[in-house]
Amino acid sequence: MPNYDFILNSKLPKVGTTIFTKMSALAQKTGAVNLSQGFPDFDVDPQLLKLVSKYMAAGHNQYAPMAGAMVLREAIAAKIERLYRVQYNVESEITVTAGATQAIFSAISALIVEGDEVIIFTPAYDCYEPAIDINGGKTIFVKLKSPNYKVDWSEVKRLVSRKTKMINLNTPHNPTGSIWDKHDLEELAHLTKGTGIILLSDEVYEHIIFENKEHQSVLKHKELRDRSLVVASFGKTFHVTGWKMGYIVGPSSIMKEFKKVHQFNVFCCNHPMQLAIASYISNEDNYLHLGSFYEEKRNLFNEAAEQSRFGVLPSSGTYFQLLDYSRITNEDDVQFAERLTEEFKIASIPVSVFYNTPDTNKVLRFCFAKQNETLERAGEILLKI
Ligand code: PMP
Ligand code: GLN
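In this report, the structure presented in the accompanying data block is examined. All of these numbers come straight from a predicted model, not from anything done at the bench.

1. Points about the pattern of salt bridges
So, point 1. If you walk through the whole model with that rule in mind, you get 17 salt bridges.
So, point 2. One salt bridge in this structure joins Lys14 and Glu129, with 2.8 Å as the shortest N-O distance. Taken together, the residues Lys14 in the segment before helix 1 (19-30) and Glu129 in helix 5 (residues 128-134) connect sequence positions 115 residues apart.
So, point 3. We note a salt bridge from Arg339 to Glu343, for which the minimum N-O separation is 3.3 Å. Taken together, the residues span about one helical turn, with Arg339 and Glu343 both in helix 13 (residues 333-344) at a distance of four residues.

Printed below as a string of structure tokens:
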């Protein structure tokens, strides 16, 4: 290949390879137990796989409608009505997306213009800030404070300005496992009342919540939902992260703008899988048990963690557990995570990468969406560290 000297002005100069790619690759190279990138290591329900084959064999292999197969939009609307007692219009208020990532990127692209400010809570999932940057927005960071990672509403109030176009929330929260309560929704409603602020609510772990706590969706709150786009992921709910399937719902005025971007971003998503999920999701037993299913796994992992030199932080939802290692070493978390992978053969995610400024907390994130044998093996390793 000729070696041309392209002068590229990177649109994302700060962005490199994500920590998920890096840590999963290191885990593979070293043969470590991989509790870094968040994905299940167990099988998908064969019934769901059979449904995909059924729809493929029946010839549903061409483009789906742009906003999603109607049966799936209907199934999503029915689920939302059952769980949150609110009706979303299948024609104008629901779009099926290629995972939550595409929904978030397209939503930010559709709504954020040069100079707009977007508030996000750190530690923050990694796809929000680049989407804001590439669209000329300015990210305003609000730090959640350990060990409970609750929102300090006086801080949010201080940072809201006339330029605030969007607040991006995430409950249950990746990477900390913290969840919002009713009070948080009330504070947010109070803060945004009478403003044009749009909420982008990342609720991909809506069904993974522990100790019978209730997921506080913005969908439950009339004033909030009228200004919200809410994002969900079938990858999390049905243990199929590799399918990259999800959806976004919101009021038609905002959804109209979302769809303008969506149709040129992907146009539509995988058709046979949409039909399979539409059948599968109509049985709520296929997802309503997720909280207790993952709570057992969290407890199994934490039994060992509690006997180790790590400190166990609270995790009320998601499939992540934070462990504090300040009693073990002074190393920074990236260094320590790499050393644990190479020397002890257990991979995790250093939490500092989810902050915009250096963070000195000594905390690692472990994914417990794993078979019990994997978690037991991980537990044995923790006890040796
Ligand atoms: N938001 C959060 C908080 C996540 O943890 C993830 C993935 N783990 C996503 C969005 C992206 O979801 P998807 O894989 O459906 O794109
Ligand atoms: N959401 C997953 C996690 O938090 C990773 C997804 C990805 O690799 N981008 O681990």
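2. Thoughts on the sheet that holds strand 9 (residues 311-312)
So, point 1. Spatially, the four strands line up as an open sheet ordered 9-10-13-12, and their pairing is antiparallel. Edge strands, defined here as strands with exactly one partner in the open sheet, are strand 9 and strand 12 (349-350).
So, point 2. With five bridges joining them, strand 10 (residues 320-324) and strand 13 (residues 363-367) adopt antiparallel strand pairing. In the strand pairing of strand 13, Leu322 is matched with Arg365.
So, point 3. Sheet contacts for helix 13: strand 12 and strand 13; angle to strand 13, the most-contacted strand, approximately 45°.

3. Focus on the site of ligand 2
So, point 1. In the neighbourhood of ligand 2, the contacting residues comprise Phe20, Gln37, Gly38, Tyr125, Asn174, Lys236, Phe320 and Arg365.
So, point 2. Between ligand 2 and Gln37, the relevant distance is 2.7 Å, taken from an oxygen atom to a side-chain nitrogen or oxygen of the residue.
So, point 3. Contact distances for ligand 2 include 2.6 Å between an oxygen atom and a backbone N or O atom of Gly38.
So, point 4. For ligand 2, whose accessible area on its own is 290 Å², the fraction buried by protein is 79%.
So, point 5. Across the shell around ligand 2, the residue classes break down as three nonpolar, three polar and two charged.

4. Observations concerning the site of ligand 1
So, point 1. Around ligand 1, a shell composed of Gly99, Ala100, Thr101, Tyr125, Asn170, Asn174, Asp202, Val204, Tyr205, Ser233, Lys236 and Lys244 is seen.
So, point 2. Within the side chain of Asp202, a nitrogen or oxygen atom sits 2.6 Å from a nitrogen atom of ligand 1.
So, point 3. Take Ser233: an N or O atom from its side chain is 2.7 Å from an oxygen atom of ligand 1.
So, point 4. Contact with the protein chains covers 94% of the free accessible surface of ligand 1, which is 390 Å².
So, point 5. For the shell around ligand 1, the element with the most residues is helix 4 (residues 99-111), which contributes three residues.
So, point 6. Along the lines of polarity and charge, the residues of the shell around ligand 1 split into four nonpolar, five polar and three charged.

5. Regarding a nonpolar patch on the surface
So, point 1. On the surface, a nonpolar cluster with roughly 450 Å² of combined accessible area is contributed by Tyr4, Phe6 and Leu8.
So, point 2. Tracing the sequence through the fold places Tyr4 in the segment before helix 1.
So, point 3. Classification of Tyr4 by relative accessible area gives exposed; the value is 57%.

What counts and what doesn't
Residues numbered from 1 in each chain as written. Chains lettered and ligands numbered in written order. Predicted model: local features only at pLDDT ≥ 70, side-chain atom pairs only at ≥ 80, totals over all residues. Heavy atoms only, no water. Salt bridge = Lys/Arg side-chain N within 4 Å of Asp/Glu carboxyl O. Helix = DSSP H or I, 4+ residues; strand = E, 2+ residues; numbered from the N terminus. Pairing = 2+ DSSP bridges. Contact = heavy atoms within 4.5 Å. Axes fitted to C-alpha atoms, helices over the stretch in contact; angles between N-to-C directions. Near = heavy atom within 4 Å. Polar contact = N/O pair within 3.5 Å; in protein donor to acceptor, adjacent residues only side chain to side chain. Areas by Shrake-Rupley, 256 points an atom, 1.4 Å probe, with all protein chains shown as cover. Nonpolar A, V, L, I, M, F, W, Y, C, P; charged D, E, K, R; others polar. Patch = residues over 30% accessible without salt bridge, like charges linked within 9 Å, V, L, I, M, F, W, Y side chains within 5 Å. Buried < 20%, exposed > 50% of the residue type's maximum accessible area, 1.4 Å probe, protein only.

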